[in-house]
Amino acid sequence: MNVFRGSAHLRAAPPCALTIGNFDGVHRGHHALLQALTAGARARGLASCVMTFEPHPKEFFSPGEAPPRILNLRDKLAAFADIGIDRVIIERFNAAYAKLTPEQFVAEILLRRLNTKWILIGDDFCYGAKRAGDFASLKRAGEQFGFEVSNINTVLENQERISSSALRSALAEGDMAKATLLLGRPYMISGHVIYGRQLGRTLGFPTLNLAVTNHLNERKPAMTGIFTVLVHGLGDTPLPGVASLGVRPTVEDAGRVLLEVHLFDFNAHVYGRIIRVELLEKIRDEAKYPDLETLQSAIQNDAQCARDYFQKKVYV
């Protein structure tokens, strides 16, 4: 899969089948669209192309009110690659881009830069300044300039629209079963293992620390709490453990979001490695404790809950 940071440098790229969106979560609704895109692209002899945005337009217009990201960019790109997308354009969303009229968007982005021959969109797609363009106007533009335009209906689960908002709500509630159902796969977060304060080691629970960044959106994660996890990327099989995702209110007040993972019976230096943390079950919410002794006791209880989970699942 080829990834391009912006389309400004592209001119008359090889003809493509294109879809456009934020694709936060790359959930089952997105999968249906992207799989239809790849199948349609093959049938038409075109490269499949996804255009997505950084930052999210809602983060650009109202950074304090934008919803938390479900996936970081690395995980979103990995999901695209798994589906078989040929080309991804990560378009920089800025003031100039936001001012493009629908007509300018078609002429400059779709035609001159991307050489779009077929565009497949969801049923809620809008484009151009103030979201003035819609499916009908895009269809007219296609008839005028010679590119094909199709749309795909929303995917439902129990009469509920599968959407990033629904997935975000499931994650915020700690409903990992529903999140897995909406995603079509377990929820994972990837990142580089970084150096921490070594406090976990002092308490008898050494951790692998991942910084959870969220671009302009005040670093809010889609969920917080204590979780039973599996860690991928450190061996032939996933490793069981317990993790804390949040701001560590007992030990600091800087608001830095970290994912801290304690792996059972594991002792190796893996700083700098990229790992994927699969969140299986929420144990409890984050809490602030009066002292480190109380925190240590809580961690012991959390670790036992996670061990009990794996024993029931015959993981260990």
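Anything mentioned here points back to the structure above.
In this text, all values refer to a predicted model and were calculated from it rather than measured experimentally. (Residues numbered from 1 in each chain as written. Predicted model: local features only at pLDDT ≥ 70, side-chain atom pairs only at ≥ 80, totals over all residues. Heavy atoms only, no water.)

## Brief notes about the state of the cysteines
Reasoning step 1: Summed over the entire model, instances satisfying the criterion amount to zero disulfides.
Reasoning step 2: In this structure cysteine 49 is a free cysteine whose sulfur lies 4.5 Å from that of cysteine 16, the closest cysteine sulfur available.
Reasoning step 3: The class of cysteine 49 is buried, set by a relative accessible area of 0%. (Disulfide = S-S within 2.5 Å. Buried < 20%, exposed > 50% of the residue type's maximum accessible area, 1.4 Å probe, protein only.)

## Quick notes on the nonpolar core
Reasoning step 1: Core analysis: the biggest nonpolar cluster contains 52 residues, and Phe80, Leu171, Tyr187, Leu245, Leu259, Val277 and Leu279 have the highest contact counts within it.
Reasoning step 2: The leading source of residues in this core is helix H3 (residues 73-83), at five residues.
Reasoning step 3: Excluding its chain neighbours within four sequence positions, the residues that come into contact with leucine 259 are Ile189, Leu208, Asn209, Leu210, Val212, Ala243, Ser244, Leu245 and Val277. (Core = buried A, V, L, I, M, F, W, Y, C linked by side-chain atoms within 4.5 Å. Helix = DSSP H or I, 4+ residues; strand = E, 2+ residues; numbered from the N terminus. Contact = heavy atoms within 4.5 Å.)

## Describing the sheet that holds strand S9 (residues 188-194)
In a beta sheet, neighbouring strands pair by backbone hydrogen bonds and run either parallel or antiparallel.
Reasoning step 1: Around the barrel, which closes on itself, the six strands sit in the order S9-S10-S13-S12-S11-S14 with antiparallel pairing between neighbours. The mean inter-strand angle of the sheet, taken between neighbouring strand axes irrespective of direction, is 40°.
Reasoning step 2: Pairing between strand S11 (residues 225-232) and strand S12 (residues 239-246): seven bridges, direction antiparallel. Counted as the bridge partner of valine 229 is glycine 241 from S12.
Reasoning step 3: Docked against the sheet, H3 engages S9 and strand S14 (274-284), running at close to 130° with respect to S9.
Reasoning step 4: Along the sheet face, helix H10 (residues 292-313) touches S11, S12 and S14 and points at about 100° away from the line of S14. (Pairing = 2+ DSSP bridges. Axes fitted to C-alpha atoms, helices over the stretch in contact; angles between N-to-C directions.)

## Re the side chain of aspartate 302
Reasoning step 1: Along the chain, the position of aspartate 302 falls in helix H10.
Reasoning step 2: Exposure remark for aspartate 302: the relative accessible area of 6% places this residue in the buried category.
Reasoning step 3: What aspartate 302 contacts, discounting residues up to four positions off in sequence, is Ile226, Val242, Ile283 and Arg284.

## Focus: the sheet that holds strand S1 (residues 2-5)
Reasoning step 1: One open sheet holds the six strands; their spatial order is S1-S4-S3-S2-S5-S6, and the pairing between them is parallel. Of all the strands in the sheet, just S1 and strand S6 (148-152) have a single pairing partner and so form its edges. Taken over all neighbouring pairs, the strand axes of this sheet differ in orientation by 25° on average, direction set aside.
Reasoning step 2: Bridge analysis of strand S5 (residues 116-122) against S6 gives five bridges, and the strand direction is parallel. Across the sheet, the residue bridging to isoleucine 121 is asparagine 151, located in S6.
Reasoning step 3: Where helix H1 (residues 28-44) meets the sheet, its contacts fall on strand S2 (16-20), strand S3 (47-54), S5 and S6, and the angle it forms with S5 comes to roughly 160°.

## A few points about unusual backbone geometry
Reasoning step 1: Between glutamate 54 and proline 55 the backbone carries a cis peptide bond, its omega angle lying at -5°.
Reasoning step 2: Summarising the element assignment, proline 55 is placed in the loop between S3 and helix H2 (57-61).
Reasoning step 3: A positive phi is found at lysine 130, a non-glycine position, where the angle reads about 60°.
Reasoning step 4: By the element assignment, lysine 130 lies in the loop between S5 and helix H6 (135-145).
Reasoning step 5: According to the relative accessible area criterion, lysine 130 is exposed, its value standing at 85%.
Reasoning step 6: Here arginine 131, not a glycine, exhibits a phi torsion of approximately 55°, which is positive.
Reasoning step 7: Position of arginine 131 relative to the elements: it lies in the loop between S5 and H6.

## Focus on the packing of aromatic side chains
Reasoning step 1: Using the criterion set out here, one finds twelve aromatic pairs in the structure.
Reasoning step 2: Geometrically, the ring pair formed by phenylalanine 125 and tyrosine 127 is stacked, given 5.7 Å between the ring centres and 15° between the ring planes.
Reasoning step 3: With relative accessibility at 12%, the residue phenylalanine 125 sits in the buried group.
Reasoning step 4: Arranged with centres 5.5 Å apart and planes meeting at 90°, the rings of tyrosine 309 and phenylalanine 310 form a pair that is edge-to-face. Like tyrosine 309, the residue phenylalanine 310 is buried in the burial classification.
Reasoning step 5: The structure contains a cluster of three or more aromatic residues connected by ring pairs, namely Phe53, Phe60, Phe61, Phe93, Tyr97, Phe105, Phe125 and Tyr127.
Reasoning step 6: Above the plane of the ring of tryptophan 118 lies arginine 44, whose end atom (NZ or CZ) is 3.8 Å from the centre.
Reasoning step 7: When the ring centre of phenylalanine 264 is taken as origin, the NZ or CZ atom of arginine 307, which lies over that ring, is 4.1 Å away. (Phe/Tyr/Trp six-rings, centres within 6.5 Å; stacked < 30°, edge-to-face > 60°. Lys NZ or Arg CZ within 6 Å of the ring centre and 35° of its normal.)

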